[in-house]
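# Structural description and commentary
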Amino acid sequence: MNLRIKQIPVFLLVITAALLALSGCSAPAPAAAGADGENRLQVLATTTIIADVVQNIAGDRAVVTALIPPGVDEHGYEPAPRDLAMAGEADLIFTNGAGLEPFLERLVANTGDSSRIIPVSDGIDLLNGMDAGDHPDDEGEANEDQHSHEGDPHVWMDPNNVMVWVDNIQQALSQADPAGAPYYEENASRYRQELADLDQWIQEQVSQIPPEKRNLVTDHLIFTYFADRYGFNQVGAIVPGYSTAASPSAKELAQLEDAIRELGVPVVFVGNTVNPDFAERVSQDTGTKLVPILTGSLTGEDGHGPTYIAYIRYNVEQIVNALK
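What this report covers is the structure whose coordinates are included nearby. (Residues numbered from 1 in each chain as written. Predicted model: local features only at pLDDT ≥ 70, side-chain atom pairs only at ≥ 80, totals over all residues. Heavy atoms only, no water.)

## Here's the deal with the overall build of the protein
Here is the rule: The secondary structure listing takes helices from DSSP runs of H or I that are at least 4 residues long and strands from runs of E that are at least 2 residues long, numbered from the N terminus. Summary of the burial criterion: residues with accessible area below 20% of their type's maximum are buried, those above 50% are exposed, and those between are partly exposed, where the area comes from a 1.4 Å probe applied to protein chains only. Areas reported here follow the Shrake-Rupley algorithm with a probe of radius 1.4 Å; residue values treat only the protein chains shown as occluding.
For the protein, the count of helices and strands is ten helices and eight strands. Counting the 324 residues in the protein, one finds 49% classified as buried. Carbon together with sulfur atoms contributes 51% to the accessible area of the protein, which is approximately 15,900 Å² in total.

What follows is the structure, given as structure tokens:
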């Protein structure tokens, strides 16, 4: 059978080629990792605070999940089998490190690949806040929990330390997803500026408090970096250590109450993830007021601290309003 092929006018060929070029059909660009859930990095962060910072850098190129739910104390958290399974499937796991997560050993063992675990606090010089509350117990021996690691792990209380987090997060995401490196760099640069602005704002707010009134008493030692950066004295804590998992002795509580009376400390700051019973006892004994703050966790969207920056701003406002 003979087929007759009609000639296509030249001008139609030219128009067709031009349309193809404009639409990009001749060389389609690869879809961004964020365009398809299957292509996005699966990222796990131990705390809601870390998850929020990671999300600011990862944007829509990753699915970021917090292992510990909002409002749960990270010091006493025990991962469930479901959590261990998520850790085994994650492309990256961001941790605070510095001794904050006591369950981390189990998490690492379950991943089968420790290279996927990124301690965001690497590179930060840890400070020792124990001088504020490192009192011997009744037998003359230091509480074992107080010396479980060498420095205060609550590094995020100074936004300048979170800038180190940003560097570590950007590097890890870029290595796992090289195509997204420029995107992560842009997000990291933007977020660093937000942190620098936050640091400046804190200094302005703190200037309202006379230096002699910048005394902090908390439920556990959490403000070492904040005190160092912004000129506060961390007088002590209900639990004289970095973890809420321990309980204070009667002697430790008595020593703290003496310090509160001696310095005329008006308030005790109590975190959102701890049992306030001991703080209430100190408050009654000393006539101090209990003021709520956020410690190891962000809140839900309807709370005071749904993001890290909102969390810090809330704490600073609570401190300034209570002490100025």
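## Notes on helix H10 (residues 308-323)
The criterion, for reference: To estimate how far a helix should reach, multiply one less than its number of residues by 1.5 Å.
With 16 residues, H10 should cover 22 Å at 1.5 Å per step; its first-to-last C-alpha distance of 23 Å lies within 8% of that length. Those residues of H10 lying buried are Tyr308, Ile309, Tyr311, Ile312, Tyr314, Asn315, Val316, Gln318, Ile319, Val320 and Leu323.

## Points about the sheet that holds strand E3 (residues 92-95)
Operational definition: Paired strands are those between which DSSP finds at least two bridges. Only the stretch in contact is used when fitting a helix axis, every axis being a line fitted to C-alpha atoms; angles between N-to-C directions are given from 0 to 180 degrees.
The sheet built from four strands is open, its strands ordered E2-E1-E3-E4 with parallel pairing. Among the strands making up the open sheet, the edge pair consists of strand E2 (62-66) and strand E4 (117-119). Strand-to-strand twist of the sheet, defined as the mean angle between neighbouring strand axes without regard to direction, takes the value 25 degrees.

## Re the packing of helix H2 (residues 48-58) against helix H6 (residues 181-206)
As a reminder, the rule being used: Orientation labels follow simple angle bins: below 35 degrees gives roughly parallel, above 145 gives roughly antiparallel, 65 to 115 gives roughly perpendicular, and whatever is left gives oblique. The contact criterion used throughout is that any non-hydrogen atoms of two residues lie within 4.5 Å. Only Asp, Glu, Lys and Arg are considered charged in this grouping, and only Ala, Val, Leu, Ile, Met, Phe, Trp, Tyr, Cys and Pro are considered nonpolar; every other residue, Gly among them, is considered polar.
As a packed pair, H2 and H6 sit with axes 7 Å apart at the nearest point and diverge in direction by 125 degrees. Looking at the two axes, H2 sits oblique to H6. The segment H2 lies against H6, with Asp52, Val53, Asn56, Ile57 and Ala58 engaging Tyr183, Tyr184, Asn187, Ala188, Arg190 and Tyr191. Classifying every residue of the contact of H2 with H6 by side-chain character gives seven nonpolar, two polar and two charged.

## With respect to unusual backbone geometry
At Ala98, a residue that is not glycine, the phi angle is positive and equals roughly 60 degrees. Tracing the backbone shows Ala98 in the loop between E3 and helix H4 (104-111). The exposure class of Ala98 is partly exposed, given its relative accessible area of 25%.

## Structural notes on H2
For H2, the tally of buried residues reaches ten of eleven residues, placing the bulk of the element in the interior. Inspection of H2 places Thr48, Ile49, Ile50, Ala51, Asp52, Val53, Val54, Asn56, Ile57 and Ala58 among the buried residues, and these make up the whole buried set. The secondary structure elements touched by the buried residues of H2 are strand E1 (41-45), E2, E3, helix H5 (159-176), H6 and H10. Remark: Gly59 follows H2 within two positions and exhibits a positive phi of approximately 55 degrees.

## Some remarks on the nonpolar core
Definition in use: Residues grouped as a nonpolar core are buried Ala, Val, Leu, Ile, Met, Phe, Trp, Tyr and Cys residues, joined through side-chain atoms within 4.5 Å.
Membership of the largest hydrophobic core comes to 59 residues, with the highest contact counts inside it found for Phe94, Trp165, Leu173, Phe226, Phe232 and Tyr308. When residues in this core are grouped by element, the largest group, nine residues, is from H10. Beyond its immediate stretch of four places on either side in the chain, Trp165 contacts Ile49, Ile50, Val53, Asn96, Val120, Ser121, Ile124, Val155 and Trp156.

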